[in-house]
Amino acid sequence: MQKYFVCLVAVLLAAGCTKEGDTIYMPDPNEEKASNAPLVTVIYGDNSLGDRSYCDMIYEGVERTAQELGLRTMQLSPESTEEGIQYLELMMRQMETAKDSVRRLFIVTSPVYDEYLRKNSNRLAQNPYADLLYFETRTPLQGKGSTLYMPYYGAMFEAGAIMPALGPRVMLIGANRREQAVVDAIQGFTDGWNADMTSVTGKEKKYLGITYLDETGDGGYSVADTTAMRMIHQWIDDRFYCIVPICGGAFNTFRRMNEIELGDLIIMGVDNEYHSNRSHLSVVKHIDRAMNLCIRQWLSDEGMPKHQSLGLASGYTEVVHTYKDLFISFDVELREQLTDEKLKEIHEMALGKEEEHEK
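From a predicted model like this one, the values you see are computed outputs, not experimental measurements.

Analysis parameters
- Residues numbered from 1 in each chain as written.
- Predicted model: local features only at pLDDT ≥ 70, side-chain atom pairs only at ≥ 80, totals over all residues.
- Heavy atoms only, no water.
- Helix = DSSP H or I, 4+ residues; strand = E, 2+ residues; numbered from the N terminus.
- Buried < 20%, exposed > 50% of the residue type's maximum accessible area, 1.4 Å probe, protein only.
- Contact = heavy atoms within 4.5 Å.
- Pairing = 2+ DSSP bridges.
- Axes fitted to C-alpha atoms, helices over the stretch in contact; angles between N-to-C directions.
- pLDDT = per-residue confidence, 0-100.
- Left-handed = near helix turned anticlockwise from the far one by under 90°.
- Nonpolar A, V, L, I, M, F, W, Y, C, P; charged D, E, K, R; others polar.
- Phe/Tyr/Trp six-rings, centres within 6.5 Å; stacked < 30°, edge-to-face > 60°.
- Lys NZ or Arg CZ within 6 Å of the ring centre and 35° of its normal.
- Right-handed = clockwise from strand over helix to strand, strands pointing away.
- Polar contact = N/O pair within 3.5 Å; in protein donor to acceptor, adjacent residues only side chain to side chain.
- Core = buried A, V, L, I, M, F, W, Y, C linked by side-chain atoms within 4.5 Å.

J.: Any details on the overall build of the protein chain? Residues and values, ideally.
T.: Check the secondary structure of the protein chain and you find twelve helices and 15 strands. Taking all 359 residues of the protein chain together, 49% fall into the buried category. Pairs at least 24 residues apart make up 73% of the contacts formed inside the protein chain by residues separated by at least 6 positions.

J.: Please give an account of the sheet that holds strand β14 (residues 307-309) that cites residues and values.
T.: Ordered in space as β4-β3-β5-β6-β7-β14, the six strands form an open sheet in which the pairing is parallel. The sheet is open, and its two edges are formed by β4 (72-76) and β14, each paired on a single side. Between one strand axis and the next, the sheet turns through 15 degrees on average, direction left out of account. Judged from the three bridges that link them, strand β6 (residues 130-135) and strand β7 (residues 146-149) form a sheet pairing that is parallel. Bridging from a neighbouring strand, tyrosine 134 pairs with threonine 147 of β7.

J.: Outline the confidence of the model for the protein chain, listing residues and values.
T.: Model confidence for the protein chain is summarised by a mean pLDDT of 87, while 87% of its residues fall at 70 or above. Contacts for the low-pLDDT stretch residues 1-19, under 50 throughout, to residues beyond four places or in other chains number 14 contacts.

J.: Please set out the packing of helix α5 (residues 153-162) against helix α12 (residues 340-358) residue by residue, giving values where relevant.
T.: Where α5 meets α12, the closest approach of the two axes is 8 Å, and the angle between their N-to-C directions is 140 degrees. As for the relative orientation of α5 and α12, their crossing is right-handed in sense. For the pair formed by α5 and α12, the contact residues are Tyr153, Gly154, Phe157, Glu158, Ala161 and Ile162 on the first element and Leu343, Ile346, His347, Met349, Ala350, Lys353, Glu354 and His357 on the second. In terms of residue class, the contact of α5 with α12 is made up of eight nonpolar, three polar and three charged.

J.: I'd like to hear about the packing of aromatic side chains, residue by residue, with values.
T.: For the coordinates displayed, the defined rule picks out four aromatic pairs. A cation over an aromatic ring shows up here: arginine 169 above the ring of phenylalanine 240, its NZ or CZ 4.9 Å from the ring centre.

J.: Requested: an account of unusual backbone geometry, with residues and values cited.
T.: With glycine set apart, most residues show a phi of negative sign, and most peptide bonds adopt trans. Cis peptide bonds are those with omega within 30 degrees of zero, and the linkage from phenylalanine 135 to glutamate 136 qualifies with 0 degrees. By secondary structure assignment, the location of glutamate 136 is in the loop between β6 and β7. Although it is not a glycine, aspartate 196 adopts a positive phi angle of roughly 55 degrees. Mapped onto the fold, aspartate 196 is located in the loop between α6 (180-193) and β9 (207-214). Overall, the relative accessible area of 54% leaves aspartate 196 in the exposed class. In the Ramachandran plot, aspartate 271 falls in the positive-phi region, its phi being about 80 degrees despite a non-glycine side chain. Examined against the element boundaries, aspartate 271 turns out to sit in strand β12 (residues 269-271).

J.: Please set out the pairing of strand β10 (residues 242-246) residue by residue, giving values where relevant.
T.: The buried fraction of β10 is high, at five of five residues. Pairing of strand β8 (residues 169-176) with β10, which is carried by five bridges, proceeds in the parallel orientation. What sits directly across from glycine 174, in β10, is isoleucine 246. Crossover connection from β10 via helix α8 (residues 250-260) to parallel strand β11 (residues 266-267): handedness right-handed.

J.: Which residues make up the side chain of serine 279, and what values do they have?
T.: When you line up the elements, serine 279 lands in the loop between β12 and β13 (282-285). The class for serine 279 is buried, based on a relative accessible area of 0%. A polar side-chain atom of serine 279 sits 3.3 Å from the main-chain carbonyl oxygen of leucine 281.

J.: How would you sum up the sheet that holds strand β15 (residues 317-320)? Please name residues and give values.
T.: The strand order β12-β13-β15 describes an open sheet built from three strands, whose pairing is mixed. Looking at the sheet topology across the chains shown, the edges are occupied by β12 and β15. Direction aside, the axes of adjacent strands within the sheet are offset by 15 degrees on average. Of the pairings in the sheet, the one linking β13 to β15 comprises four bridges and is antiparallel in character. Following the sheet pairing, lysine 285 is matched in β15 by threonine 317.

J.: Describe the pairing of β8, naming the residues involved and giving the relevant values.
T.: Burial runs high along β8: eight of the eight residues are buried. As for the winding sense of the linkage, the β-α-β connection from β8 through α6 to β9 is right-handed.

J.: I'd love a proper account of the environment of aspartate 56, names of residues and values included.
T.: Structurally, aspartate 56 is set in helix α2 (residues 54-69). Residue aspartate 56 is classed as buried on the basis of its relative accessible area, which comes to 17%. Between the C-alpha atom of aspartate 56 and that of glycine 249, which follows or precedes it by 193 residues, the distance is 9.5 Å. The residues touching aspartate 56, leaving out its near neighbours within four places in the chain, are Leu49, Gly50 and Asp51.

J.: Give a description of the nonpolar core that names residues and reports values.
T.: Counting residues in each nonpolar core, the largest one holds 55 residues, and the members touching the most others are Met156, Met163, Phe189, Trp235, Val244, Phe254 and Met268. Residue contributions to this core peak at seven residues, all from α5. Core analysis: the next-biggest nonpolar cluster, separate from the first, contains 25 residues, Leu71, Met150, Ile287 and Cys294 among them.

Here it is as structure tokens:
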């Protein structure tokens, strides 16, 4: 009986009556209210999250910034490009008719949505509370929205200029020929390699090979274990010393397969620092820091720039000399080549080349 009385009181407290006798329900003052905190939504390319590389760094950067600033987040990793476009279309429709004043930032991370965004971004123009950030592209959006590009050319030029001193035969592995960031990275490394700022230690001639995981499309960011193992065996047979995987999450597959083969190849880290006694250099893209910067810009009175470029000169890309002491200390000729003065000279040239390339 007592339990029934408590329940009845609760119902009566939650309900009241109008003059006409209609029952209305009053909100529970203890019930958690819906948050009006700004919302950041990230839409990735298909199956991108979990790559332990570029996309995971985006995820971490957004979540860390949201925690610091008290924001809400939603991170969407569709199973296909078509599903990703459905997410975008739903978002556009909702923002066209939204009546609330909740601030929303939509971050689109993949060039597979380029055509859709350029046709539809202006649909956000009537909503002053909705904003868009799209990367990586050099071309600003004509409609509403900001764009970001993180040029890899300068940092890759620097790594390419250093690499001949570390190994005579290097294989560049690009994801595909279509994505500008991949194309620029390969061009930068190639130009640095051909700058002859360092020379091969020993008598063997230097040689740079280039291959693509997706020759015709815009994929190449994943590779089967068996395929990676077969390629590693071939490169070992062809006497390659080092591989440079510019292919997102596929980097980790090559790393694992190389470790199974007891690390016969040196691997240059790309996007993240790769700490191993089989890695001399890493070229890092601090996309997590870039996310922090852009979100804070979005919340500021000035807002995000229409377009910005964050590369070697701004410190958002860099060359990290992993295990520097380990591989220099035992080789006198190498130590004589890669002095602090020489590395500074290469870095300064890379900065100039980046500026020239971006112009």
